[in-house]
Amino acid sequence: MELIDQKTKKIMEGCKERARDEGLTFQDESLEYIVSNRDLIELSPKNMIPTLYDYWVHDVEVLKEKGKYELYPANPYETVINTRPAISFYNDNNPDWLNVMIFYHVIGHIDFFQNNIFFKHTWDYDFTGEALSDKRLISRLRSDHGRYVDYVIEFSRGIDNLVGYHRELSNLDNLDCRDLSKRLNYYFDVFLQETKSIKVNDYIKEIERYNKCLKENKDHAENVFFAEIETKYPEFDALFKKSIEKKTQRITDVVRYIIENSPFLNQEKNKWMKSIIEVVRKTALFFQPQIRTKIMNEGWASYWHEILFLKDDRIKGHEVDFARVNAAVTSLPRVGLNPYALGMRMFYDLEEKANKGKDLYDFERIKNVIERKDYDQNTKKGKEKIFDVRKNLCDFMFINLYIDQDFVNKHKLFVAGKRMNHQKMVWEYYVKSKDAHAYRNMILQSLYHPPYIEVDPEKNKGNTLYLVHQFEEKPLVNEYIFNTMMGISYLWGGPVQLETSEALIIPKAKTPKNFQYYFGSQIDEPEKPDIKWQRVVYTMFDRKLTKKIL
Amino acid sequence: MENSVDADHKKKFAYFESLKKNGITKEQEEKILLELNDDQKHSVPELHELNKPILPDHLYSYSDLLVLQNHTRPYVAYQNYLKSLDELLEQDRKRESDGFPRKIRVGRLVKPGKGGKDKVVVVPTTVEEKFIHDPSFQSKEEEDASGGSGEGEEGDVIGEQPMHSPDGSGAGPGEGEGGPHEVESSAYDLGKILTEQFELPNLKDKGKKRSLTKYTYDMTDRNRGYGQILDKKATLKKIVETNIHLGNLPDPDDIDPSRFLISPSDRIYRILSREKDFESQAMVFFLRDYSGSMTGNPTEVVVSQHVLIYSWILYQYARQVETRFILHDTEATEVDDFYTYYNSKVAGGTRVASAYKLVNEIVENENLKSDYNIYVFHGTDGDDWDTEGKEAVPELLKMISYSSRVGITIAERKSGYQRGSSEVQEYLEKSGLLADFPELIRLDVVSDDANETRLIESIRNLIS
């Protein structure tokens, strides 16, 4: 691994200037390295972080069939990593014009890393630097505690998808309503909405009443406002106090809870394990935003490499080369989901819409197709809009908000189905649906989504740790439960219970199968069985797993 | 070609008719018809089809280095892996002694080449277990849905892909993504690993040592006076003996070798001599059901396990193993090499007895039982048109009279249209063979999604 030469570095710096002129913002410094195949062998298991801690699983082929992206939510072949300064990797035989294009792409990523709020927790430190000291720490511990270090890493990694990423982020977020009193927040956010579940217009009336109080008497607005509430809802005060108590002992994520409360880890002789768990947790948190912004991040970078390179005079003489490379990267595949292609088109589309004012509510109300098509308020807010989206959204929101029927029609998108044709013995791909709703759902289904599992301290009995898996119509992979729970139980130093839901699949009552139908028909239509859900509790005690139906 | 297929089909129908005459249930008839009318053929897939990469079209499989910079995935030379394999397995053993279950699996296993040049590929693999949503749970519909773009109305077929993968395990072990990451090792090495690291038992009774007509030459004979190599130890002994007789060694506590005399005949040499080789050797029959119902997982399970068994026996008998491969649907055929055995696609109906009968015939015709320890391993999904084993059980009885071990693996379907049916298991248990001859015949039922660990466990059940 070596730095790029001075000439190439100069090209990069030139690219940065042009990118800044277009409104991208990022730190001045960046590091560019040439990587060889040999480097990649070492780097790819560590997700391109050169200083990541050593762990034996990195030396083994990991089984890739089952839930690969859920198990290993980081890309092993990332070109640019979110460090300070940002580090990017290059082939050593890229021609200059291609490097210019890639630099623009990389700059797009760096801008995204450093501005998208889902990366907020990574803004204040250099991950490679911390990783290096963690790596040293772990190798020192390894010399003291031998293979038990690897067990602790293994067991912590077993729960590194339960690190409470969103909670971590929201703790960092200084929203304006933070300045409001807790009492007010509780009243509007929880009490009215959840406890009382009042109607929307009553809710708005309350807000108006508060604003009125604020206008009339700025200093004592809150007291005046709550004076009325005390008579209206006499139970409010008690509930509010209770909620404060609850919040202070509110449980963080599973990993954090174990670090803080495990009787085993808190024994003097085991305290060293905590630092390893912290390292694993921190690493997992670092990778979380990457996988949750894949479409946006690649779309944003592709959008910018196209815009910027087309404006760059260095494209001269390489227009065709560029067109070929760019098309290979950003064309929509006939079948498949290319995040570059999809994300880029979405940003273009958003920009165009916002330029015409189509992102506003007035437009939403128009139902007439022709009117919709010709609508143009000439608002010119396109760039502003996409920068705003790049700052505030993640893939889920991006897809959920901006894939509409117009977009699907415009780019001729569809959900592709796959079915077996018995007679020809082939898999057939077919156009399954051109409905935007279906298309959106299909993408949302394939987004990274770890299970929602938390500790329920009220159900911890004795020295047992009680985990609750919230029901989302998605059962867990059964065969992984044993080892994962055994790991948790080791770190916890006592029995562990997991409450989860399992699906009982009830096959449809068999209609006598018409033989001719079965073989004569072209398609093997999938039969949807009935699913009955049951709540179960797994108990890991003394390295034995038992299951009980609730 | 067409004609022979037709003839074959007619034969099957004739067999079906005869079964019908003897009375079968309606359910049974339906099942048979299902297999019978399946128009698949037992062909061996083309090689290029085997080597086709699996297209990575998942959202998260795109990355800048590969897409934008056209970088190839790096690969590691297998020698580097081999070293770590030993270390990893050693570490894995320590895990067990620390009270944690093992984690290393011997990865996907075979890369069959044509003409007996099979390569066994040992890739240490592992998986980091976590709580994750079960991707296989999604209804079939959601699972197969993907994005698409371009022309076409709803319902239009836009492309086809030969379904080599779920059939006959064409894209089976050793294929796909692993490509260049493989460790090439001989089956013998795998057998060693299985025996030593996974603690598969050594064969208790290797059978009687049978003399072969082979001779080896070794420096075993001793000769006085001349020869190829001086046997120093024996010569010294002789010298001491001679000198005791001569009285040159009066006090054993105070020996003075300078007074020793050496007679020419004291020199003992070793000379080359012809030795008869007493090696035990084995003949292993691998029987695989390749009827239509074996589609997909059951086939995969059966062939994977047979590779493991093959490797283990190869090691146990120090390579003195001959293998025979037999495929059967309603008819049994012997095939030449492992490649064909491994890759032949499934089709047709099931008659287990046909395979057993063929084995018995081969053993008899070639008079194998006097010279070989005979092992028979049979893999099936447990379906048999001959539901009560009227034909199979007598053949089996004959078989166990000469074999060292018959091992039957039933890869039980967990899902699909013939789930959980296991006629073979039923009639075997009924016949009492399993209980009467536990040392000679074993049955193990594994689910069709068994992993390697389970398969090794199953081998232990079959052979211990």
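Keep in mind that what you see is a predicted model, and the values were worked out from it rather than measured.

Chemist: Could you clarify how one ought to interpret the overall build of chain A in this entry?
Modeler: Of the regular secondary structure elements, chain A holds 24 helices and 12 strands. Expressed as a percentage of the 550 residues in chain A, the buried residues total 34%. Residue pairs at least 24 apart in sequence account for 76% of intrachain contacts in chain A once pairs closer than 6 positions are excluded.

Chemist: Sorry, what's going on with the overall build of chain B here?
Modeler: Each helix and strand in chain B was counted, giving 15 helices and 16 strands. Evaluated residue by residue, chain B yields a buried proportion of 39% over its 464 residues. For chain B, contacts bridging at least 24 residues in sequence account for 79% of all contacts bridging at least 6.

Chemist: Explain the nonpolar core here, please?
Modeler: Note that soluble globular proteins tend to have their nonpolar side chains buried in a common cluster. One finds A:Tyr104, A:Ile107 and A:Ile276 to be the most contacted residues of the largest nonpolar core, which totals 123 residues. The biggest single contributor to this core is helix α4 (residues 96-115) of chain A, with 12 residues. Filtering out sequence-adjacent residues up to four positions away, A:Ile107 remains in contact with A:Cys15, A:Lys16, A:Ala19, A:Leu24, A:Phe26 and A:Trp304. One finds B:Leu308, B:Tyr356, B:Met399 and B:Ile441 within the second-largest nonpolar core, a separate group that totals 60 residues.

Chemist: What is the right way to read the packing of α4(A) against helix α14 (residues 294-311) of chain A from this model?
Modeler: Residue and element names in this part refer to chain A. Put simply, α4 and α14 touch, their axes get as near as 8 Å, and they point 135 degrees apart. Regarding the angle of α4 to α14, the classification is oblique. α14 is crossed by α4, and the crossing has right-handed handedness. Side by side, α4 and α14 meet where Val100, Met101, Tyr104, His105, Ile107, Gly108, His109 and Phe112 of the first sit next to Asn297, Trp300, Ala301, Ser302, Trp304, His305, Leu308 and Phe309 of the second. Of the residues belonging to the contact of α4 with α14, the class tally is 10 nonpolar, 6 polar and no charged.

Chemist: Sorry, what's going on with the sheet that holds strand β10 (residues 496-506) of chain A here?
Modeler: As a general point, the strands of a sheet are linked pairwise by backbone hydrogen bonds and lie either parallel or antiparallel. Residues and elements named next belong to chain A. Strand order in this open sheet of 5 strands is β8-β9-β10-β11-β12, and the pairing throughout is mixed. Whereas interior strands pair on both sides, the edge strands pair on one side only; in this sheet they are β8 (453-455) and β12 (544-549). Sheet twist, expressed as the average angle between the axes of neighbouring strands with direction ignored, equals 30 degrees.

Chemist: Is there a simple way to think about the pairing of strand β6 (residues 413-421) of chain A in this case?
Modeler: For a regular strand, side-chain orientation follows a simple rule: the groups alternate between the two sheet faces. By the bridge criterion, 4 bridges tie β6(A) to strand β5 (residues 146-149) of chain B in an arrangement that is antiparallel. Bridge pairing links A:Leu413 to B:Ser149 in β5(B). Two strands pair when backbone bridges link them, and β6(A) and strand β7 (residues 426-433) of chain A are joined in this way by 7 bridges, in the antiparallel orientation. For A:Val415, the partnering residue across the bridge sits in β7(A) and is A:Ser433.

Chemist: What's the story with the sheet that holds strand β15 (residues 405-412) of chain B in this structure? I'm lost.
Modeler: Residues and elements named next belong to chain B. The 6 strands lie next to each other as β13-β12-β11-β14-β15-β16, forming an open sheet whose pairing is mixed. Two strands close off the open sheet at either side, each with one partner strand: β13 (332-335) and β16 (441-447). Sheet twist, expressed as the average angle between the axes of neighbouring strands with direction ignored, equals 20 degrees. By the bridge criterion, 4 bridges tie strand β12 (residues 321-328) to β13 in an arrangement that is antiparallel. Residue pairing in the sheet places His328 in a bridge with Ala332 of β13. Against the sheet, helix α13 (residues 423-431) contacts β14 (373-380), β15 and β16, and its axis sits at roughly 150 degrees relative to β16. Against the sheet, helix α15 (residues 452-463) touches β15 and β16, its axis set at about 165 degrees to β16.

Chemist: Where do I start with the environment of A:Gly494 in this structure?
Modeler: Residue and element names in this part refer to chain A. Within the secondary structure layout, Gly494 lies in the loop between α23 (478-492) and β10. Among the residues examined, Gly494 registers 17 C-beta atoms within 10 Å and is labelled partly exposed. Sequence spacing of Gly494 and Arg543 is 49 residues, and the spatial spacing of their C-alpha atoms is 9.9 Å. Ignoring any residue separated from it by four or fewer positions in sequence, one finds Gly494 in contact with Pro263, Asn463, Thr464, Leu465 and Ser489.

Chemist: Hey, could you run me through the environment of B:Leu327 in this one?
Modeler: Residue and element names in this part refer to chain B. Structurally, the position occupied by Leu327 is in strand β12. Between the C-alpha atoms of Leu327 and Arg288, which are 39 residues apart in sequence, the distance is 5.0 Å. Filtering out sequence-adjacent residues up to four positions away, Leu327 remains in contact with Arg288, Tyr290, Ala332, Thr333, Val335, Tyr341 and Ser344.

Chemist: Before we go on, may I ask you to explain unusual backbone geometry in this structure?
Modeler: The bulk of non-glycine residues show a negative phi, and the bulk of peptide bonds are trans. Residues and elements named next belong to chain A. The omega torsion of the bond from Arg84 to Pro85 falls at -10 degrees, within 30 degrees of zero and hence cis. Of note in this structure, Asn47 is not a glycine but carries a positive phi near 55 degrees. With respect to the secondary-structure elements, Asn47 resides in the loop between α2 (37-43) and β3 (61-62). Taking the C-beta count within 10 Å as the criterion, Asn47 has 20 such neighbours and is therefore assigned buried. Of note in this structure, Lys412 is not a glycine but carries a positive phi near 50 degrees. With respect to the helices and strands, Lys412 occurs in the loop between α21 (405-410) and β6. On the basis of neighbour count, Lys412 is assigned to the partly exposed category, with 14 C-beta atoms found within 10 Å.

Chemist: Help me understand helix α9 (residues 297-316) of chain B, please; the structure alone is not making it clear to me.
Modeler: It helps to recall that an α-helix has 3.6 residues per turn; residues three or four apart then point in one direction. Here α9(B) is 20 residues long and its end C-alpha atoms lie 29 Å apart, about the 28 Å a rise of 1.5 Å per residue gives. Among the 20 residues that make up α9(B), 20 are buried, leaving the element largely enclosed by the rest of the structure.

Chemist: Help me out: how do you make sense of the packing of α14(A) against helix α16 (residues 339-356) of chain A in this one?
Modeler: Helix-helix packing is characterised by the crossing angle of the two axes and by the distance between the axes. Residues and elements named next belong to chain A. The N-to-C vectors of α14 and α16 enclose an angle of 70 degrees; their axes lie 7 Å apart at closest approach. Considering the angle they form, α14 stands roughly perpendicular to α16. Contacts from Lys294, Ile295, Met296, Glu298, Gly299, Trp300, Ser302 and Tyr303 in α14 reach Pro339, Tyr340, Leu342, Gly343, Met344, Met346, Phe347 and Tyr348 in α16. When grouped by side-chain class, the residues that make up the contact of α14 with α16 number 11 nonpolar, 3 polar and 2 charged.

Chemist: What is the right way to look at helix α8 (residues 182-195) of chain A in this model?
Modeler: Residues and elements named next belong to chain A. Taking 1.5 Å per residue, 14 residues should reach 20 Å; α8 reaches only 16 Å between its end C-alpha atoms and comes up short. Of the residues making up α8, those classed as buried are Tyr186, Tyr187 and Phe191. Just downstream of α8 lies Ser197, where phi reads positive at about 35 degrees.

Chemist: I tried to follow the pairing of β12(B) on my own but got confused; where do I start?
Modeler: Residue and element names in this part refer to chain B. In terms of burial, β12 is largely enclosed, as 6 of its 8 residues are buried. Pairing of strand β11 (residues 282-289) with β12, which is carried by 8 bridges, proceeds in the parallel orientation. Of the residues in β12, the one forming a bridge with Asp289 is His328. Hairpin connection from β12 to β13: 3 residues lie between these consecutive antiparallel strands.

Chemist: Can you help me understand the confidence of the model for chain A in this one?
Modeler: Any region with low pLDDT has predicted coordinates that should not be read closely. Mean pLDDT over chain A: 87, with 91% of residues reaching 70 or higher. Confidence drops under pLDDT 50 across residues 510-526 of chain A; counting only partners more than four residues distant or on other chains, this segment forms 15 contacts.

Chemist: Honestly, the confidence of the model for chain B in this entry has me stumped. Any pointers?
Modeler: Residue and element names in this part refer to chain B. Mean pLDDT over chain B: 71, with 63% of residues reaching 70 or higher. In this model, residues 108-117 is a region of pLDDT below 50 whose contacts with residues beyond four sequence positions or in other chains number 32 contacts. Contacts for the low-pLDDT stretch residues 164-185, under 50 throughout, to residues beyond four places or in other chains number 68 contacts. Across the interface, the model reports ipTM at 0.83; the global pTM reads 0.69.

Definitions and limits used
Along each chain, residue indices are assigned from 1 in the same order as the chain's sequence is written. To read the labels, note that chains go from A and ligands from 1, taken in the order they are written. Local features in a predicted model are, by the rule used here, given only for residues with pLDDT of at least 70; side-chain atom pairs are given and counted only at 80 or more, and totals for whole chains, interfaces and linings are based on all residues. The way it works is that DSSP assigns letters per residue, a run of H or I at least four long becomes a helix, a run of E at least two long becomes a strand, and they are numbered from the N terminus. Exposure classes come from backbone-placed C-beta atoms, where a residue is buried if 20 or more other C-beta atoms lie within 10 Å of its own, exposed if 12 or fewer do, and partly exposed in between. Whether two residues are in contact is decided by their C-beta atoms, placed from the backbone, lying within 7 Å. Think of a nonpolar core as buried Ala, Val, Leu, Ile, Met, Phe, Trp, Tyr and Cys residues chained together by C-beta atoms that fall within 7 Å. Angles run from 0 to 180 degrees between N-to-C directions of axes, and those axes are lines fitted to C-alpha atoms, restricted for helices to the stretch in contact. Should an angle fall under 35 degrees it is taken as roughly parallel, and over 145 as roughly antiparallel, whereas 65 to 115 is taken as roughly perpendicular and any remaining angle as oblique. Two helices that cross are described as forming a left-handed crossing if the nearer one is turned anticlockwise from the farther one by less than a right angle, and a right-handed crossing if clockwise. Residue classes follow a fixed rule: Ala, Val, Leu, Ile, Met, Phe, Trp, Tyr, Cys and Pro count as nonpolar, while Asp, Glu, Lys and Arg count as charged, and any other residue, Gly among them, counts as polar. Only strands joined by at least two bridges in the DSSP assignment are considered to pair. A helix is expected to reach a length of 1.5 Å times the quantity of its residues less one. Residue-level confidence of the predictor, termed pLDDT, takes values from 0 up to 100.

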